[in-house]
Amino acid sequence: MLILGDIPLTIEDVVRVARKHERVKLSDAAIERMEKSRTWVDKVLDSEKPVYGINTGFGELSKILIPRERWESLQRNLILSHCTGVGERFPEDVSRAIMLLRANSLIQGYSGIRVEAVERLIMLLNKDIYPVIPSKGSVGSSGDLAPLSHMAAVLLGEGMVVYEGKEVPSANVLEAAEISPIVLEAKEGLALINGTQAMTAVAALTLYDACNLMKIVDIAAALSLEALTGTRTAFDPRIGMIRPHKGHGETAINVLKLTEDSKIMENHADCEKVQDAYSLRCVSQVHGASKKALHHVIDTVNVEMNSVTDNPLVMADTGEIISGGNFHGQPVALVMDYLKIALAELGNISERRTSRLVDSKLSDLPAFLTAYPGVNSGFMILQYTAASLVSENKVLAHPASVDSIPTSANQEDHVSMGTIAARQAQEILENVQYVLAIEILAATQGIDFLSSNDKSPGKGNNAVHKVVRTIVPHLDDDRVLSPDILAIRDAIRDESILNAAENAVGELLI
């Protein structure tokens, strides 16, 4: 059970709720903060003083004062009119993360929402009732208005939900679950949708997967280093000590651990090569830079997950209600664009190693990693697939955050596109998972040709090699290879490959 409201949320907390269905409960302190905040909203309503979003219209319509008898309609209409998302719906783990993160913002006590409304959101989360939230339609300022409106609509008995794997009208599911639709009071509609939780949810889940990927890329490189009969010299710790960027030393340690006691490398220690190509020799520098970027992105997203991104803000200690711009997604947009580049570069260097593995002019391996070239094409087209994916990533890595466009009749004249950046980062990560799966397949095939009873790979690589061979067999004659790529990609996602490596050599570093 995750108690929400006493300590900051972590990315691991989000993953436990979003993917492992851990249940959630509001803390007593969180409830007290919300009650105190709501008291001030009620006082403003009694005074009938114009306050944005409480008794006025929204955006360019904020100059219009709304009469008391229309306040509830104002909030309901806000939600319904903003349900304009399009495209495929977010996966269930993203929907769950959005619900959790929006609740975590509201319980800080600066949004003026009733406890009842947030508890209803948590109730749906705990009953595995997820809103259908289209993934496209947010510009990432004034909050993720469209995605969060689709989330909020479910509380009203509107829109669609995913329940037991099917998309069904929310009203039917709420009735079956004996949950009454809520009637929103003043400020509550705006409180539910004015925030950055869609982009932050995608960001948090992508970052969790990226931490795993940062270790997998070192495993893939270590396997290729052996298959290409490279040297461990470039991973000497002294090299990193005199250029101590974070990530460099960690990568070198990982590669040295994975290749430790390699009989393959020992056998080629006296070959005529002076130094390896950059895709091997500069692994520490390239992978390390991406790891350093990852840590910066994690720091930013950790702050965002535990921030209040509403507008206007209710200062419960003074009773002031202040309009500001915390809904603007620029902090998330910039770092997710940064992550896009960091992840794309891991795919770029991985594809270059795969290219060397299949090129017999650049290795001690048979052409295209097949014992019978000519009649067999071997791994030739696997490299084509990797090349396609990394080229696609280069397009996706274009920064979304530089592409602002005005909305709401120029009242909202600069927007972040943070949700687009987060979605693109997740897409790039998925492409890189495939690219690394291809490299791992190629490298283990190469090791097959080099290894024997007295020429085994390093102890970490040997453990990974064994688990790969339990999933896919060595390629003797040509076969359909897409299932092999998918199988290794799945072993990356479920951490089977990482677990095999870490069980052999200890925890890998990022």
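Residues numbered from 1 in each chain as written. Predicted model: local features only at pLDDT ≥ 70, side-chain atom pairs only at ≥ 80, totals over all residues. Heavy atoms only, no water.

A.B. asks: Explain the overall build of the chain here, please?
C.D. replies: A tally of helices and strands in the chain yields 20 helices and nine strands. For the chain, the spread of C-alpha atoms along the three principal axes comes to 85 × 50 × 40 Å. Within the chain, the fraction of its 510 residues that count as buried is 55%. Considering only intrachain contacts with a sequence separation of at least 6, the fraction spanning at least 24 residues in the chain is 80%. Between the averaged position of the 48 positive side-chain charges in the chain and that of its 66 negative side-chain charges there is a distance of 2 Å. (Helix = DSSP H or I, 4+ residues; strand = E, 2+ residues; numbered from the N terminus. Buried < 20%, exposed > 50% of the residue type's maximum accessible area, 1.4 Å probe, protein only. Contact = heavy atoms within 4.5 Å. Lys, Arg positive; Asp, Glu negative; His and termini not counted. Charge placed at Lys NZ, Arg CZ, Asp CG, Glu CD.)

A.B. asks: Help me out: how do you make sense of helix H6 (residues 145-155) in this one?
C.D. replies: Because each turn of an α-helix spans 3.6 residues, side chains separated by three or four positions in sequence point in the same direction. Burial within H6 is extensive, with 11 of its 11 residues counted as buried. Within the sequence span of H6, burial applies to Leu145, Ala146, Pro147, Leu148, Ser149, His150, Met151, Ala152, Ala153, Val154 and Leu155.

A.B. asks: What is the right way to read the packing of aromatic side chains from this model?
C.D. replies: To describe a pair of aromatic rings, one takes the distance between the centres and the angle between the planes. In this structure the tally under the stated criterion is zero aromatic pairs. Here Lys43 stacks its cationic end above the ring of Trp40, 4.2 Å away from the centre of that ring. (Phe/Tyr/Trp six-rings, centres within 6.5 Å; stacked < 30°, edge-to-face > 60°. Lys NZ or Arg CZ within 6 Å of the ring centre and 35° of its normal.)

A.B. asks: Would you mind going over empty space enclosed by the protein with me for this structure?
C.D. replies: It is the rolling of a water-molecule-sized probe over the atoms that shows where space remains empty. In total, this model carries one cavity of 30 Å³ or more according to the counting rule given. In this structure, the largest cavity occupies an estimated 40 Å³ of space. If you trace the largest cavity, you find it lined by Phe379, Leu441, Gln445, Arg469, Val472, Pro473, Leu475, Arg479, Leu481 and Asp484. Residue classes in the lining of the largest cavity are distributed as six nonpolar, one polar and three charged. (1 Å grid on protein atoms, 1.4 Å probe; cavity = no way out; pocket = protein on both sides within 12 Å on 5 of 7 lines; lining within 4 Å. Points joined across faces, edges and corners; volume = space filled by probe spheres on them. Nonpolar A, V, L, I, M, F, W, Y, C, P; charged D, E, K, R; others polar.)

A.B. asks: Help me out: how do you make sense of the pattern of salt bridges in this one?
C.D. replies: Note on pairing: side chains with opposite charge can pair once their charged atoms come close. Scanning all chains against the criterion turns up 29 salt bridges. Its salt-bridge partner being Asp42, residue Arg38 comes within 3.4 Å of it at the nearest N-O pair. Note that Arg38 and Asp42 are positioned in helix H2 (residues 28-47) at a spacing of four residues, about one turn of the helix. Among the residues examined, Asp42 registers a relative accessible area of 32% and is labelled partly exposed. (Salt bridge = Lys/Arg side-chain N within 4 Å of Asp/Glu carboxyl O.)

A.B. asks: What is the right way to read the packing of helix H14 (residues 283-305) against helix H15 (residues 330-358) from this model?
C.D. replies: Each pair of packed helices gets described by two things: the angle between the helix axes and the distance between those axes. Two elements in contact, H14 and H15, have axes separated by 9 Å at closest approach and are oriented at 155 degrees. Between H14 and H15, the crossing angle belongs to the class labelled roughly antiparallel. Of the two possible hands of crossing, H14 and H15 adopt the one that is left-handed. Contact residues: Val283, Val286, His287, Ser290, Ala293, Leu294, His296, Val297, Thr300 and Glu304 in H14; Pro331, Val332, Val335, Met336, Tyr338, Leu339, Ala342, Glu345, Leu346, Ile349 and Arg353 in H15. In the contact of H14 with H15, the residues fall into 14 nonpolar, four polar and three charged. (Axes fitted to C-alpha atoms, helices over the stretch in contact; angles between N-to-C directions. Parallel < 35°, antiparallel > 145°, perpendicular 65-115°, else oblique. Left-handed = near helix turned anticlockwise from the far one by under 90°.)

A.B. asks: Looking at this structure, how should I read the environment of Ala289?
C.D. replies: As for its position among the elements, Ala289 is in helix H14. Spatially, the C-alpha atoms of Ala289 and Leu124 are 41 Å apart, while their sequence positions differ by 165 residues.

A.B. asks: I would appreciate a short explanation of helix H17 (residues 418-450) in the present structure.
C.D. replies: When the terminal C-alpha atoms of H17 are compared, their 47 Å separation across 33 residues agrees well with the 48 Å that a helix rising 1.5 Å per residue should span. Among the 33 residues of H17, 27 are classified as buried, and the element is accordingly described as predominantly covered. (Expected span 1.5 Å × (residues − 1).)

A.B. asks: Before we go on, may I ask you to explain the side chain of Glu188 in this structure?
C.D. replies: Relative to the assigned elements, Glu188 resides in helix H8 (residues 188-193). Leave out the neighbours within four places in its chain, and Glu188 touches Arg38, Gln75, Ile113, Arg114, Ala117 and Val183.

A.B. asks: Where do I start with the packing of helix H5 (residues 115-126) against H6 in this structure?
C.D. replies: Two elements in contact, H5 and H6, have axes separated by 10 Å at closest approach and are oriented at 95 degrees. Looking at the two axes, H5 sits roughly perpendicular to H6. Along the contact surface, H5 presents Ala117, Arg120, Leu121 and Leu124, while H6 presents Met151, Val154 and Leu155. Grouping the constituent residues of the contact of H5 with H6 by class yields six nonpolar, no polar and one charged.

A.B. asks: Where do I start with the nonpolar core in this structure?
C.D. replies: It is characteristic of soluble globular proteins that their nonpolar side chains tend to be buried jointly. Residues Leu4, Ile219 and Ile497 are the most contacted members of the largest nonpolar core, which totals 153 residues. Ranked by residue count, the leading element in this core is helix H9 (residues 197-227), at 20 residues. Not counting chain neighbours up to four residues away, the residues in contact with Ile497 comprise Ile216, Ile219, Ile440, Val464, Val467, Ile488, Ala491 and Ile492. (Core = buried A, V, L, I, M, F, W, Y, C linked by side-chain atoms within 4.5 Å.)

A.B. asks: Any chance you could explain the pairing of strand S6 (residues 160-163) here in plain terms?
C.D. replies: On any regular strand, side chains alternate: one points to one face of the sheet, the next to the other face. Across two bridges, the pairing between strand S4 (residues 130-131) and S6 is antiparallel. Its bridge partner lying in S6, Pro131 is registered against Val161. Across four bridges, S6 lies against strand S7 (residues 166-169) in antiparallel orientation. By the bridge assignment for S7, Tyr163 is matched with Lys166. The hairpin formed by S6 and S7 contains two residues between the paired strands, and Glu164 there has a positive phi angle of roughly 55 degrees. (Pairing = 2+ DSSP bridges.)

A.B. asks: Which parts of the structure should I look at to understand the sheet that holds S6?
C.D. replies: Backbone-to-backbone hydrogen bonds pair the strands of a sheet. The strands run either parallel or antiparallel. Across the sheet, three strands lie side by side as S4-S6-S7; this open sheet has antiparallel pairing. Either end of the sheet is taken by a strand with one partner, and the two such strands are S4 and S7.

A.B. asks: How do you make sense of a negative patch on the surface when you look at a structure like this?
C.D. replies: Where like charges cluster on the molecular surface, the negative patch consists of Asp6, Asp28, Glu32, Glu35 and Glu119. Among the elements that make up the negative patch, the one with the highest residue count is H2 (three residues). Note that Asp6 resides in the loop between strand S1 (2-4) and helix H1 (11-20). (Patch = residues over 30% accessible without salt bridge, like charges linked within 9 Å, V, L, I, M, F, W, Y side chains within 5 Å. Areas by Shrake-Rupley, 256 points an atom, 1.4 Å probe, with all protein chains shown as cover.)

A.B. asks: How should unusual backbone geometry be read in this particular structure?
C.D. replies: Trans is the prevailing form of peptide bonds, just as negative phi is the prevailing case for residues other than glycine. Put simply, Asn311 and Pro312 share a cis peptide bond, and its omega is -5 degrees. Structurally, the position occupied by Pro312 is in the loop between H14 and strand S8 (313-315). Positive phi outside glycine occurs at Leu369, with the angle close to 60 degrees. Mapped onto the elements, Leu369 comes out in the loop between H15 and helix H16 (380-396).

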